[in-house]
Amino acid sequence: MSNIKILDGGFGAQLSTHVGAKIDGDPLWTSRFLATNPDAVYATHLDFLRAGADIIETNTYQASVSSLMKHLSINEEESVKLLYKAVNLAKKAVNDYTKEISENDEIENKNPIIAGSCGPYGASLHDGSEYNGAYGKNTPRETMIQWHKSRIDALVDAGIELLALETIPCYQEAELLVDLLKEYPNVKAWLSFSCKRNSQNIVDGSNFQEVATRCYKMASPGQIIAVGVNCLAPKDVSPLLKGIHKEELIPLIAYPNSGEIYSPTEGWIKDESCPVFESFIAEWLEVGVQYIGGCCRMYAENIKSIRREINTLKQK
């Protein structure tokens, strides 16, 4: 259990504590604030570091070169510079945090690292297709590759050595990302999927364990540090991950949301039947999860609670 790494939480949730502007529903989501309020982006990173995160993600989930150009009315060079800025804000937060804790021997996340957040192609379409993965069947492979490559190039050039390939809803996109990753031999990544509720499948209908195992085996040895799931209810994590180690031990990652359900018309709706997040952590560790964090509606305080629960379990 000593090798468990704690991720940050929902960037939009924590960012909302620093800004008064609307976040959900924006075509750029939180990445708009790279241009409009970079101080709030920096403060959000710092919140998660102070909460105990070993790994923080750049504020680039819904940022791509083309989407930044379109929705901010900027050119390609300016768009790439904003992606660099996202990396530099995360680096500044890490540097300032490590100085802040340098004389505190009780701090556990003394050497936090940064992962470049890369959300799915479908999130750029703004038609809800990232929730069903249907675009995987009819989008040319080269179109998706070039879309991802322009962002990954910028993140890697800015100094990122770990990528979060996350919330992937279709097997076609997952496989092309694994292939694309081979062009960056010095970069590692995790691959996490968007999955159906109460199901064994990712949202395009493909079996999660089959796709995740295939992608892990396709990758260059050691390049994928974990496969798993994110942005689903905590109660749906274990059924998806249990039994995945049929042939070999595969490192796993899980960073669910709060268990609330998002409605485009009503916003986030609390699911009163969902037990508290921390009550699931022991079983996640039991099935082999090595990276644990939070996604939508998971604040810095929640990350603090995750670390506290893991430390309690270590002592048993």
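Residues numbered from 1 in each chain as written. Predicted model: local features only at pLDDT ≥ 70, side-chain atom pairs only at ≥ 80, totals over all residues. Heavy atoms only, no water.

## So, the nonpolar core
Piece 1. Leu163, Leu191, Phe193, Phe208 and Ile306 are the most contacted members of the largest nonpolar core, which totals 94 residues.
Piece 2. In terms of residue count, the dominant contributor to this core is helix H5 (residues 76-100) (nine residues).
Piece 3. Leave out the neighbours within four places in its chain, and Ile306 touches Ile6, Phe277, Ile281, Ile292, Gly293 and Met298.
Piece 4. Counting 13 residues, the second-largest nonpolar core is a separate cluster that includes Ile55, Trp190, Tyr255 and Cys296. (Core = buried A, V, L, I, M, F, W, Y, C linked by side-chain atoms within 4.5 Å. Buried < 20%, exposed > 50% of the residue type's maximum accessible area, 1.4 Å probe, protein only. Helix = DSSP H or I, 4+ residues; strand = E, 2+ residues; numbered from the N terminus. Contact = heavy atoms within 4.5 Å.)

## Section: the pattern of salt bridges
Piece 1. Tallied over the full model, the rule gives 13 salt bridges.
Piece 2. Measuring nitrogen to oxygen at the nearest pair gives 2.7 Å for the salt bridge that ties Glu100 to Arg50. Here Glu100 is found in helix H5, whereas its partner Arg50 is found in helix H3 (residues 38-50), with 50 residues between them in sequence.
Piece 3. A salt bridge links Glu183 to Lys149; the shortest N-O distance between them is 3.9 Å. (Salt bridge = Lys/Arg side-chain N within 4 Å of Asp/Glu carboxyl O.)

## Details of H3
In an α-helix, one turn spans 3.6 residues; hence positions three or four apart end up facing the same way.
Piece 1. Given a rise of 1.5 Å per residue, 13 residues ought to cover 18 Å, and the 19 Å separating the end C-alpha atoms of H3 matches this to within 8%.
Piece 2. Counting buried residues along H3, ten of its 13 residues qualify, which places the element largely inside the surrounding structure.
Piece 3. Where H3 is concerned, the buried positions are Ala40, Val41, Tyr42, Ala43, Thr44, His45, Leu46, Asp47, Phe48 and Leu49.
Piece 4. Its buried side turned inward, H3 meets helix H1 (11-15), helix H2 (33-36), strand E2 (55-57), H5 and helix H12 (300-314).
Piece 5. Immediately beyond the C-terminal end of H3, within one or two residues, lies Gly52, with a positive phi of roughly 110°. (Expected span 1.5 Å × (residues − 1).)

## Description of H12
Piece 1. The terminal C-alpha atoms of H12, which comprises 15 residues, lie 21 Å apart, in line with the 21 Å expected from a rise of 1.5 Å per residue.
Piece 2. Buried residues along H12 sit against strand E1 (5-6), H1, H3, helix H11 (281-286) and strand E10 (289-292).

## Quick notes on the side chain of Ser64
Piece 1. With respect to the helices and strands, the residue Ser64 is situated in the loop between E2 and helix H4 (65-72).
Piece 2. Taking the relative accessible area as the measure of exposure, Ser64 reaches 1% and is therefore buried.

## Observations regarding the state of the cysteines
Piece 1. All chains considered together, the criterion is met by zero disulfides.
Piece 2. Of the cysteine sulfurs around Cys195, a residue in no disulfide, the closest is that of Cys231, at 11 Å.
Piece 3. Look at Cys195 and you get buried, because its relative accessible area is 8%.
Piece 4. Free cysteine: Cys296, not disulfide-bonded; nearest cysteine sulfur from Cys231 at 3.6 Å.
Piece 5. Judged by its relative accessible area of 18%, Cys296 falls in the buried class. (Disulfide = S-S within 2.5 Å.)

## Some words on the packing of aromatic side chains
For any pair of aromatic rings, geometry is given as the distance between the ring centres together with the angle between the planes.
Piece 1. Enumeration according to the criterion identifies seven aromatic pairs in this entry.
Piece 2. On the basis of an interplanar angle of 80° and a centroid distance of 5.8 Å, the ring pair of Phe193 and Phe208 is categorised as edge-to-face. Taken together, the positions of Phe193 in strand E5 (residues 188-193) and Phe208 in helix H9 (residues 208-218) put the pair 15 residues apart, joining distant regions of the chain. Phe208 carries the same exposure label as Phe193, and that label is buried.
Piece 3. A ring pair is formed by Phe280 and Trp284, whose centres lie 6.0 Å apart and whose planes are at 10°; its orientation type is stacked. (Phe/Tyr/Trp six-rings, centres within 6.5 Å; stacked < 30°, edge-to-face > 60°.)

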